[in-house]
Structures are given as C-alpha cells and as structure tokens.
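Inside the fold
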Amino acid sequence: MTAKAKASVGKERLFMELQLKKEPVFLNEVIYDGQTEQGVEFDYVLPDYYPDIFKILKCSLTPGISSYSISGTQLFVDGAVLIKILYLSDDNVNIHCVEQKYTYSKTLELTKAADNPTVYIQTKTDYSNCRAISGRRFDVRGAVSCKIKATASKTMEIISGAEELETKSEMLTYCGNKLIGGGQFVIREDIETGTGKGGILGIVHCDATAEINDIKIIAGKAVVKGESKVKALYLVKIDEETQDTEVMEASIPISRIIDLDGLDDSYTCYADVKVMDCGLEIKPGDNGDNRILGCDLTIDCKITANKENSVPVLTDLFSTKYETEYTKSNVKVEYAPQQIQKQLSYKTVIDCKDGNLEEIFDCRCDINSINCRFNGEGNLIITGQLISQAIGRLSDSGYPVFIEKSEPAELSCEVGFTDENCIIEPGIQVTDVGFNINGDSTVELRITLVLNGCIYKMKNVAIIENVILDDEKPKEKNTDYGLKMYYAEENEEIFTVAKKYNTKPEAIMEENELDEEVLSAPCLLLIPIV
C-alpha cells in the first residue's frame, strides 16, 4: 500500500470518529421546464342540414388538458383542442356554428424520477387559419402549445454539529418538508338555461374559472371547498328564419377531500386550482327543446402544506489538536411562502373596421405567455399577451361581426417583497369583462383578473459538506506561556480570535468574563493557551 493510500485511510477513520451531527433540509428542484407544441390539421365537410358557407366569421382553437400523469422519469400529457368555426350563410344574418374536438398525447422526459412532483401547465393558441375550400368544406390549420414546469422536493443532509471540534453556527429558518396532494377530477353538471321553446342552436364561446375559498385540516386530510364559474354565449332559435343570442352564467360548487399523510394544524395549506378543460353539450329538456347545457369541467386541484423549520448550520470549525480541512457548497433554500390573492383591472378598446356597431352580444378575454418579475420596490410586475374579443351586430346592414385584438399587457400589484431573489408560479384568471360601445365603432372593455399564487423568497446558504482531520499533522503547542494579550476590535467575533490562537472560544469568554460572542467595543483580551 502506498503512503498516499495510508494517509487516505487514516483520514477516513478519523472522519468517521467525529460523529458529525446532521439535519435534513428539504430543497425544491426543477425536474422539467420546457414547452411542447402540437399542430392541428382539420378538414371538415358540412352535414346536409347545414347551409352553405358564405363568409367565415371566426375560427378559434381552444386548447385544454384532459389529464396528465407521471411514471418514473416520464410525464404523460393528454390534451384536447376545441375547434370552433362561426360562419354566415348567404342571408348574412344568422350565425352558424361548427364544433369538433382534436385530441393528442405527449410524452416528456424528466431529468429524474420524483415522488409526487408538482406540475404547472399553461396552454395557449399559437395561431389558427381557416379557409373555405368550397361552399361545403372547411380546411383548418393551426398550432397550440403548452408551457410545462415540474418541480419536486429533495432531501439534503447538512452538518449541524461535530463533537471534539470548535464550531460556529447560525440558525437557518426555512420552508421545511412540503406535503403535496390532490390531482385532476371531473365535475359534471346539467345547467338549465331558461331558453324559450325554440331551444339552443349552438354555443359561440365558453369560459370557466375556479377558486378555493375554504380549506379545513382533519387528521391527515385537507377538506377543500370552492366554486367554478361558467359563462357561455349561445345562439337561440326564435323562429325558422330568426335567431338571437343569450348569455348564461352559472356557479358550480367544488368539494374535495385530499389525503396528505402527516398533515396537522402545524402546517399552512395553500390551494392551487385551475380549470384544465371545459366542455358544453346541448341537451333536450323534459319537453324535448334544447334548453339544457351539460357541463363537463376537468379541474386540477393541488394542496401544498408548508411547515417552517429551524436548524443550526455550521459556518466554520477547527480543531485545537489537528489540522482541519473542510469544503463548502452553496445551496438555495426557501423561506416559508406568502400566499397572495389580488384582484387586478385592465382597460382596453377594440375598433370595429367593418362599420358602425348596433349592439354587442358579449365580450371575452384571454391572457397567456405570462411572466412575472419583482421590481425591487415591493411590486410584482406581470406581463403577458392579452387577447380581447367581441361579437355583435352592425347597425347599417344588421350583419353579425366579430372583432379581435391582441396586445402586450403589463399589470402591477403590491406584494411587499423588495428582494428580486423570489420565485412565484402565478395563476391568473380573467373573471369578468364589462363593456360598452364608445362612439359608433369602438368597444371599451373593463377586464377584471385575479392573481393567485405563493411567493417563495430564496436564500443562498453556504454549508460545510466534508470535514477531514489529518492525524499526521498535529498542531504544535507552545508551552512557554499560558496567556497571551490581544487587542480586539469592535464587532470582532470571539470564535475568530480563538481560531487565530488555536484555543477554545469558551476559554476566552470565561477568562475575560464575557457574555457576548461579538464584542460591542474595542478591548484587551487575555487569551488562554489550552
């Protein structure tokens, strides 16, 4: 065995005898952060009972997520795109709806396998084009995308103490082990519209939001209650040649029991809920008229339970007997989160270039490509792409008209955090759109949005990873004197002085009758040599 190998064995033996005390620290890590795209191609021939195509009013692709799951290092995502075409026949008065669903699946590779990770998914429409190949046939081309981020908790042991060594430590208060539970579920509800005997002809558009307003903790379970709000604009039949539009708004209760092993009242719970997909089906009522909307909501509800932990973290150490080596590394830990729920408002206008407006049936808005940043002054800045839509009727011709505007939007809200070293995974929902015709051809929109999320403040902490004593390098002792004198400066630490003179910090404090580890004023210290 070589001399180098012998020295290595000796170090390992002493390292094991140190009996290092370790504490678990729970860290959050990203195991997937990317985007996936899906092209949409749709060729559709109208059934015989539909009138011929004269003009395409609007073609929209609405992406949704039917389900997602994780197995090992793979994330499986099942998506659905609602293709809706609004068109006019040669009478140019009535709107006709064509609706189909396009499904797809994606398999994504995670950087590692993880237990119960948290998945964030944002969907958006990249583009949609529609043309009439003939009076009976549509050709649709487009694309949708999903921005996906998956995070997981990992455990790391840090050295918090070491016997037979002089140590310096500080208390680290951080967000401890997270309990995460929940998932996707479907709510089915039949909504009575109160439409007249002509019944519902077609659905123009539909939007749904969800919120949790109560969480109760009961012995390892979280009982959540909330509601989903559904809004739809649909066409109703007046007579054989005339139609009208109606707006339906309904509230559907949400109630779930979510298992979280180990959950008790010492945890703080936060709910992240979103509508992944919303489908409406026209159904006949008791008298046979199409007056009922069957609503299928796919909801993703996650509960994250946080508990604040405190552990001592070694920042420096030494031995009075042997030369000591250690290595340090930086880890990023989270403070206990702050939940925020803010109502935001935004105003915009849409111009109608096809003529003067007689009326607006309804307006709606979407916001996607959301990014958040902290401005260092206590505000959260939210940017995204706002898509505003209005459907109505022209005053001069009486023809239906569809107006759309896409614009970059910036919103701001006060959150109290001035440090940019924070993270947030925000959920932003458009909850209401008020509107009025301003002049003859301009629609003014008043948009209400709700921001819901948790802000985690991050901190970089330098921790000691490895400690090695070299038994071949004992420290020399000077036995010519038992005390030394040292002129210490204000704010100097006793530990630093003790390390410099290779003595014990408590010996210096006892010899000088000190009760503080950091000197509040310059003084002369007597240093005992031990």
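In case you missed it, the structure is sitting above this.
Throughout this description, residue numbers start from 1 for each chain and increase along the sequence as written. This being a predicted model, a pLDDT of at least 70 is required before a residue's local features are given, and a value of 80 or more before pairs of side-chain atoms are given or counted; all residues contribute to the totals for chains, interfaces and linings. To obtain the side-chain values, all non-hydrogen atoms of the structure were included, while hydrogens and water were left out.

**Details of the overall build of the protein chain**
Rules: Secondary structure elements follow DSSP: runs of H or I of four or more residues count as helices, runs of E of two or more count as strands, with numbering from the N terminus. Only C-alpha atoms enter the radius of gyration, while the globule expectation follows 2.2 Å times N to the 0.38, with N the number of residues. Relative accessibility decides the category of a residue: with a 1.4 Å probe and only protein chains considered, values under 20% of the type maximum give buried, values over 50% give exposed, and everything between is partly exposed. In short, Shrake-Rupley with a 1.4 Å probe defines the accessible areas, and a residue's cover is counted only from the protein chains shown. Two residue types count as positive, namely Lys and Arg, and two as negative, namely Asp and Glu; His and chain ends fall outside the count. The location of each charge is read from NZ of Lys, CZ of Arg, CG of Asp or CD of Glu.
Scanning the protein chain from N- to C-terminus turns up three helices and 24 strands. Over its C-alpha trace the protein chain gives a radius of gyration of 33 Å, far above what one expects of a compact globule, namely 24 Å for 530 residues. Principal axes of the C-alpha set define a box for the protein chain whose edges measure 115 × 55 × 45 Å. Going through the 530 residues of the protein chain one by one, you find that 46% of them count as buried. Per element, the accessible surface of the protein chain, about 26700 Å² overall, is 44% carbon and sulfur. Separation of charge centres in the protein chain, based on 56 positive and 87 negative side chains, amounts to 3 Å.

**Notes on the pairing of strand β19 (residues 400–414)**
Under the convention used in this document: For two strands to be treated as a pair, DSSP must find at least two bridges joining them.
In this sheet, β19 lies alongside strand β18 (residues 379–394) in antiparallel orientation, the contact comprising 15 bridges. Note that in β19 the partner of Ile387 across the bridge is Ser406. What sits between the antiparallel neighbours β18 and β19 is a turn of five residues, in which Gly398 has the positive phi angle 80°.

**Regarding the nonpolar core**
Put simply, the test is: Residues belong to a common nonpolar core when they are buried Ala, Val, Leu, Ile, Met, Phe, Trp, Tyr or Cys residues joined through side-chain atoms within 4.5 Å. Any two residues having at least one pair of non-hydrogen atoms within 4.5 Å are treated as being in contact.
Leu380 and Leu449 are the most contacted members of the largest nonpolar core, which has 35 residues in total. Per-element accounting of this core gives the leading share, seven residues, to strand β17 (residues 357–374). Filtering out sequence-adjacent residues up to four positions away, Leu380 remains in contact with Ile340, Cys372, Arg373, Phe374, Leu411, Ser412, Cys413, Val415, Ile424 and Leu451. Ranked by size, the runner-up nonpolar core spans 34 residues in total, among them Ala210, Ile252, Cys278 and Ile299.

**Some details on the environment of Arg364**
Just so we agree on the cut-off: In protein, a polar contact means a hydrogen-donor-capable atom and an acceptor-capable atom, both N or O and within 3.5 Å, with residues adjacent in sequence counting only if both atoms are side-chain atoms; elsewhere, any N or O pair within 3.5 Å suffices.
Tracing the chain through its elements places Arg364 in strand β17. Separated by 260 residues in the primary sequence, Arg364 and Tyr104 place their C-alpha atoms 26 Å from one another. Setting aside its immediate chain neighbours within four residues, Arg364 contacts His205, Asp207, Ile387, Ser388, Gln389 and Val433. Within the structure, Arg364 has its side chain in polar contact with the side chain of Asp207 (distance 2.5 Å).

**Quick look at the sheet that holds strand β8 (residues 179–192)**
Selection criterion: The convention used is that axes are lines fitted to C-alpha atoms, helices contributing only their stretch in contact, and that angles between N-to-C directions extend from 0 to 180 degrees.
Here we have three strands laid out as an open sheet, ordered β8-β13-β12, and antiparallel in their pairing. Pairing within the sheet leaves two strands with one partner each, and these edge strands are β8 and β12 (268–284). Sheet twist, expressed as the mean angle between neighbouring strand axes with direction ignored, is 15°. Bridging between β8 and strand β13 (residues 290–306) involves 14 bridges; their strand directions are antiparallel.

**Some remarks on helix α2 (residues 494–501)**
Cut-off, in case you're wondering: Throughout, the arc means the angular range of directions from the helix axis out to the C-beta atoms.
All of the buried residues in α2 are Ile494, Phe495, Val497, Ala498 and Tyr501. Relative to the axis of α2, the buried residues are bounded by an arc of 160° and lie together on one face. Buried positions along α2 lie against β7 (166–175), β14 (308–318), β23 (483–488), α3 (505–511) and β24 (523–528). Just beyond α2, the residue with positive phi is Asn502, at close to 55°.

**Some thoughts on the state of the cysteines**
Rules: By definition, disulfides here are pairs of cysteine sulfur atoms that lie within 2.5 Å.
A complete count under the given rule lists zero disulfides for this structure. Cys59 forms no disulfide, and the closest cysteine sulfur to it belongs to Cys130, at a distance of 4.3 Å.

**Description of the environment of Arg291**
Looking at where Arg291 falls in the secondary structure, it is placed in strand β13. Classification of Arg291 by relative accessible area gives partly exposed; the value is 24%. Those residues in contact with Arg291 that lie beyond four places of it in its chain are Ile191, Glu192, Thr193, Gly194, Thr195, Gly196, Ile200, Lys283 and Gly285. There is a polar contact of 2.8 Å between the side chain of Arg291 and the backbone oxygen of Thr195.

**Looking at the pattern of salt bridges**
Let me state the cut-off plainly: Between Lys or Arg on one side and Asp or Glu on the other, a salt bridge is scored when a side-chain nitrogen of the former is within 4 Å of a carboxyl oxygen of the latter.
Tallied over the entire structure, the rule returns 27 salt bridges. Here Asp316 and Lys499 are joined by a salt bridge, their closest N and O atoms 2.8 Å apart. With Asp316 in strand β14 and Lys499 in helix α2, this pair connects stretches of sequence that are 183 residues apart. Using a relative accessible area of 16% as the deciding quantity, one classes Asp316 as buried. By relative accessible area, which is 33% here, Lys499 ends up partly exposed. Arg393 is paired through a salt bridge with Glu359; the nearest N and O atoms lie 3.7 Å apart.

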